[in-house]
There are 2 protein chains.
Amino acid sequence: MSFFPPSLERLTDCFAALPGIGRKSAQRLAFHVISLPEGEAEDFADAILQARRSVVCCPVCQNLCEGGECAICSSDKRDKSTVCVVAQPRDVASIERSREYGGVYHVLHGVLSPMNHIGPDDLRISQLVERVAGGGIDEVIMATNPDTEGDATAMYISRLLKPFGVRVTRIAYGIPVGSNLEFTDDATLLRALEGRREM
Amino acid sequence: MSFFPPSLERLTDCFAALPGIGRKSAQRLAFHVISLPEGEAEDFADAILQARRSVVCCPVCQNLCEGGECAICSSDKRDKSTVCVVAQPRDVASIERSREYGGVYHVLHGVLSPMNHIGPDDLRISQLVERVAGGGIDEVIMATNPDTEGDATAMYISRLLKPFGVRVTRIAYGIPVGSNLEFTDDATLLRALEGRREM
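Below, the structure is looked at part by part. (Residues numbered from 1 in each chain as written. Chains lettered and ligands numbered in written order. Predicted model: local features only at pLDDT ≥ 70, side-chain atom pairs only at ≥ 80, totals over all residues. Heavy atoms only, no water.)

### Focus: a positive patch on the surface
Residues A:Lys24, A:Arg28, B:Arg90 and B:Arg97 make up a contiguous surface patch of positive charge. Elements with a contribution of two residues or more to the positive patch: helix 2 (23-35) of chain A together with helix 4 (89-97) of chain B. Given the relative accessible area of 66%, A:Lys24 is considered exposed. (Patch = residues over 30% accessible without salt bridge, like charges linked within 9 Å, V, L, I, M, F, W, Y side chains within 5 Å. Areas by Shrake-Rupley, 256 points an atom, 1.4 Å probe, with all protein chains shown as cover. Salt bridge = Lys/Arg side-chain N within 4 Å of Asp/Glu carboxyl O. Lys, Arg positive; Asp, Glu negative; His and termini not counted. Charge placed at Lys NZ, Arg CZ, Asp CG, Glu CD. Helix = DSSP H or I, 4+ residues; strand = E, 2+ residues; numbered from the N terminus. Buried < 20%, exposed > 50% of the residue type's maximum accessible area, 1.4 Å probe, protein only.)

Have a look at this one:
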């Protein structure tokens, strides 16, 4: 049985359908929204519609943008011969935040995951292969997450790209800066030793 | 610097302005919304507008409803001579869930809180006094939360209502059903002893 007005219940249902929002949180959010000034509620509703309608994928790198090529692909300051392959648009933001990488990106929009029935055709892999086949690319950096699915995806793509004679690299495994050997897991420590470099 | 399309940033800002949603969660929610089928995104936006526009307060009990008197006030199965005073609409839902209470409610929409500059005029106290002054009410049950502000609000209102010759009661303090004496705090245990009843 419902103890709230139907429109409030409907809004609660909408919030509860979002990832990571439980029923109680959804109710709190719905209460907050009905207490907003009407202009702010309209602005929120409009922001949802605008974002849903205007955000598309860049035809080159598949990152999110609003029509045409994205800011990174259309910039003449970026090195187009180096492509960093990431799983999600938010990974582009993470790498950009480091302010060191000057190449371009390719966003897969996921990783291979047989458990979740996600195969190569569900990702933007064919677009990457076309890009590399088109020429002008020297290095492809695989920057998927260092977990089983990310590793498998990187491995799969590197095998697809090798025939084109392009250099395929993987971001380094090792101990994170500022962390502690004592609390580093065995697998990471092993990889850090394997990946050691001359000083 | 922003690494996402402006409309996505705007939606992230909207989510981040909600209570209890941090920047990272807001971003995840915004990504989820742009990945929804367009119909679902429109439904979400419409739910916000509808809830904001159609939810009003019941003119009698001040609970949330959609125009006219709320379902509880307009029901002829409820005992109109007993009024349970609660701080928030969600408290009505909590009490209704117990399926035991047959009276009606009065929602204050907050509690007295000098620290947050919330005084009697910011709550629906005058409407409660008018209801009681209008007659036909035998008992007012103060069911604000058992904390400092809830207690102070209950005390303040009981003093306002006493002159009308109405019985004003407070919900019982004590140990919660299913809990444990060992882990009950001193203040609660003291109140439980004070409130002991004949078996």
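What follows picks up the thread again.
### Details of the relation of the copies chain A and chain B
Overlay of chain A on chain B (RMSD 0.0 Å): rotation 180°, translation along the axis 0.0 Å. What the rotation and shift describe, once combined, is the action of a two-fold rotation axis. Within chain A, the C-alpha atom positioned nearest to the axis of rotation is that of A:Ala45, 2.1 Å from it. With an isologous cut-off of 70% or more, the 100% of interface residues of chain A that recur at the interface of chain B puts this contact in the isologous class. (Least-squares fit on C-alpha atoms with pLDDT ≥ 70 in both. Contact = heavy atoms within 4.5 Å.)

### Section: the side chain of B:Glu139
All names here are of chain B. Tracing the backbone shows Glu139 in strand 5 (residues 139-142). Note on Glu139: relative accessible area 17%, which makes it buried. Only 2.9 Å separates the side chain of Glu139 from the side chain of Thr169, close enough to count as a polar contact. Sequence-distant contacts of Glu139, that is, excluding residues within four places in its chain, are made with Ser81, Thr82, Val83, Val166, Arg167 and Thr169. (Polar contact = N/O pair within 3.5 Å; in protein donor to acceptor, adjacent residues only side chain to side chain.)

### Concerning the packing of aromatic side chains
What the rule picks out here adds up to 9 aromatic pairs over all chains. Ring geometry for A:Phe15 and B:Phe44: centres 5.3 Å apart, planes at 85°, overall edge-to-face. Of this pair, A:Phe15 sits in helix 1 (residues 6-16) while B:Phe44 is found in helix 3 (residues 38-54), placing the two residues in two different chains. Assessed through its relative accessible area of 0%, A:Phe15 is described here as buried. The exposure class assigned to B:Phe44 is buried, which follows from its relative accessible area of 3%. An aromatic cluster of at least three residues, connected via ring pairs, comprises A:Phe15, A:Phe44, B:Phe15 and B:Phe44. The ring of A:Tyr173 carries the charged tip of A:Arg191 above its face, separated from the ring centre by 4.1 Å. (Phe/Tyr/Trp six-rings, centres within 6.5 Å; stacked < 30°, edge-to-face > 60°. Lys NZ or Arg CZ within 6 Å of the ring centre and 35° of its normal.)

By themselves, these observations are geometric and do not establish any function.
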